[in-house]
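# What the coordinates show
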Amino acid sequence: MKSTVLSCALLASMTLVSHSAGAAVSAEEAAKLNTTLTPLGAERAGNKDGSIPAWTGTVTRLPAGYKSGEPRPNPFPAEKPVLSITAGNMAAHADKLSDGVKALLQKYPSYRVDVYPTHRTAVAPQRVYDNTARNATRAQLQDGGQGVQGAYGGIPFPLAKDGNEALWNHRLAWLGNNVTSTVRVFMATADGKRSMPSAGNQTWHFPYYDQDGSLEKFQGYYLLGKFVTTGPGSKAGEAILVHESADPAKQPRNLWQYLVRQRRVRKAPSVAYDTPDAVTSGIGLTDEAFNLFGPLDKHELKLVGKREMYIPYNNTMAAQVKVDELLGANHLNPDLVRWELHRVWEVEATLKAGQRHVVSKRKYYFDEDTWQIMIFDGWDAKGQLWRTNYTLAVYLADVPAVVGNTMWGGYDLQTGAYYINMAPNELPANYKQLPAIPASFFSPETLASEGAR
């Protein structure tokens, strides 16, 4: 049934577009989404030795009576690591590790990568598959890759040809439609001292994925997000609101802040690029949030290719333990982080001539099944490896999706500090799906009334 529906969607898209000039791929290429590729553009087949299985698109059933936002059951509770990588045996597996992970293994004797059997749990609703098929032949980059047109409700470039297309696939990845989470942020300094710089309630609406929407109805803002701070006391009441645009040249990105001491909402265009992220006490940078936040136009992007890599995946157990169990002195507890072997797309971002940014180069690694960035590394102006960021992606059968927005963070390899953001541990309402949210909820006026205290 799925195959028939997808074929019809492809046929419709081919008829409407008629292989127009400038379309991302030809109709013939797009047809691969129903044969050798998954509906989102990954390879359906496994790898040669079977350590990466074939993609099946199976959705795990949740227990009867389950309510969205409750702790999700671990889909693989009995599994044990099939490989543990330490500094001692790292050389034998170096081709499947990022530079940042290798640096962590060398820096901390207690750091370890526990590799579990690979499960390709990434799925999406049929409407996302159908829209992805339509996007394949109609989506186009705009403004030198800084915007996209002709895409709605699915991955815009499932057969990505360059780095900008890959980044837009990440920005427009399927993460649900309306969700909220109660979260905390934790950081640790090099001497092992831990603190909680932020806590609050995060709410997202993805108009790009509205079920009753369409390309013709889409108004250009693909993401509306709001974070209202509840702690610590010195920050309680602060809030931030963002409207992310799919075509910033026509509709600019908007970001507002509410600061308690000023008692007013103000636009905050400086909350971008390499501005230190106050939510993480400055350990992270603003454009590192969610592994990519805001414009990335200061860097040239190159799609290097695809490779097999160990990445954090299916991290249900990391999301459900107590904070004291998860956070170690210098890094996350290796016993609780699940790594799997997956194929990833590598994109290299290099600072453009004449531009300024404290990170001169980054390497991003996109999971082929979701197009989400799972790991990226950053180098400083002297060419020294400086930072490595991660997402502890979790399979959420109620969405359904593999979602990286639930837990993510980064390590400063030079200072020894690290942080984890969006940590749901010991909190209610982890990535709870909501019905339609009124547009007024994401207005600057509402932001002022919620932040006031």
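All values reported here derive from a predicted model rather than from experimental measurement.

### Section: empty space enclosed by the protein
A complete count under the given rule lists five cavities of 30 Å³ or more for this structure. Its boundaries defined by the atoms lining it, the largest cavity holds a volume of some 260 Å³. Lining of the largest cavity is provided by 19 residues; of these, H170, R171, F290, L292 and N405 occupy positions nearest its centre. The residue makeup of the lining of the largest cavity, split by class, is ten nonpolar, seven polar and two charged. In this structure, the second largest cavity occupies an estimated 130 Å³ of space. Taken together, 15 residues make up the lining of the second largest cavity; nearest its centre are L104, Y111, W339, Y390 and Y411. Elements with a minimum of two residues in the lining of the second largest cavity: helix 3 (99–107) and strand 15 (385–391).

### Notes on helix 5 (residues 163–171)
Within helix 5, nine of the nine residues are buried, which leaves the element mostly enclosed by the surrounding structure. Within helix 5 the residues assigned to the buried category are G163, N164, E165, A166, L167, W168, N169, H170 and R171. The N-cap of helix 5, judged by a side-chain oxygen 3.1 Å from the amide nitrogen of N164 a few residues on, is D162.

### Section: the pattern of salt bridges
In the structure shown here, the tally under the stated rule is 24 salt bridges. Here R112 and D114 are joined by a salt bridge, their closest N and O atoms 2.8 Å apart. For D114, a relative accessible area of 4% gives the class buried. A salt bridge links R253 to E244; its shortest N-O distance comes to 2.9 Å. Taken together, the salt bridges that share partners define one network made up of E43, R120, K306, R343, E368 and D369.

### Considerations on helix 4 (residues 126–138)
Spanning 13 residues, helix 4 covers 19 Å between terminal C-alpha atoms, matching the ideal 18 Å at 1.5 Å per step. Burial of helix 4 is extensive: ten of the 13 residues sit out of reach of the surface. Here helix 4 has its buried residues at V128, Y129, D130, N131, T132, A133, N135, A136, T137 and R138.

### Here's the deal with the layout of surface pockets
By volume, the largest pocket is sized at about 580 Å³. What lines the largest pocket is a set of 30 residues, among which F227, I240, V271, D277 and V279 lie closest to the centre. Looking at the lining of the largest pocket element by element, the count peaks at four residues for strand 7 (residues 221–231). Counted by class, the lining of the largest pocket contains 18 nonpolar, eight polar and four charged residues.

### Some remarks on the nonpolar core
One finds Y111, L332, W339, Y364 and I420 to be the most contacted residues of the largest nonpolar core, which totals 114 residues. Counting residues per element, this core draws most heavily on strand 12 (residues 339–351), which supplies six residues. Once residues lying within four places of it in the same chain are set aside, the contact partners of Y111 are V101, L104, L105, H331, P334, W339 and Y411.

### Quick word on the side chain of E244
Tracing the backbone through its elements, the reader meets E244 in strand 8 (residues 239–245). Apart from the residues lying within four places of it in its own chain, the contact partners of E244 are G220, Y221, Y222, L223, R253, F293 and G294.

### Things to note about the packing of aromatic side chains
For the coordinates displayed, the defined rule picks out 18 aromatic pairs. Judged by centre distance (5.1 Å) and plane angle (35 degrees), the rings of Y364 and F376 are tilted. Placement of the pair is Y364 in strand 13 (residues 361–367) and F376 in strand 14 (residues 373–379), with a sequence separation of twelve residues. Relative to F442, the ring of F441 has its centre 4.9 Å away and its plane inclined at 85 degrees; by these criteria the two rings are edge-to-face. Taking the ring centre of Y273 as reference, the NZ or CZ of K298 above it sits at 4.6 Å. Over the face of the ring belonging to W386 we find R387, whose NZ or CZ atom lies 4.5 Å from the ring centre.

### Comments concerning the environment of T203
Structurally, the position occupied by T203 is in strand 6 (residues 194–205). Taking the C-alpha atoms as reference points, T203 and V403, separated by 200 residues in sequence, lie 15 Å from one another. Not counting the four nearest positions on each side in its chain, T203 is found in contact with V179, T180, L224, G225, K226, L434, I437, F441 and F442. Side-chain polar atoms of T203 contact the side chain of T180, separated by 3.3 Å.

Thresholds, definitions, all that
Residues numbered from 1 in each chain as written. Predicted model: local features only at pLDDT ≥ 70, side-chain atom pairs only at ≥ 80, totals over all residues. Heavy atoms only, no water. 1 Å grid on protein atoms, 1.4 Å probe; cavity = no way out; pocket = protein on both sides within 12 Å on 5 of 7 lines; lining within 4 Å. Points joined across faces, edges and corners; volume = space filled by probe spheres on them. Nonpolar A, V, L, I, M, F, W, Y, C, P; charged D, E, K, R; others polar. Helix = DSSP H or I, 4+ residues; strand = E, 2+ residues; numbered from the N terminus. Buried < 20%, exposed > 50% of the residue type's maximum accessible area, 1.4 Å probe, protein only. Polar contact = N/O pair within 3.5 Å; in protein donor to acceptor, adjacent residues only side chain to side chain. Salt bridge = Lys/Arg side-chain N within 4 Å of Asp/Glu carboxyl O. Expected span 1.5 Å × (residues − 1). Core = buried A, V, L, I, M, F, W, Y, C linked by side-chain atoms within 4.5 Å. Contact = heavy atoms within 4.5 Å. Phe/Tyr/Trp six-rings, centres within 6.5 Å; stacked < 30°, edge-to-face > 60°. Lys NZ or Arg CZ within 6 Å of the ring centre and 35° of its normal.

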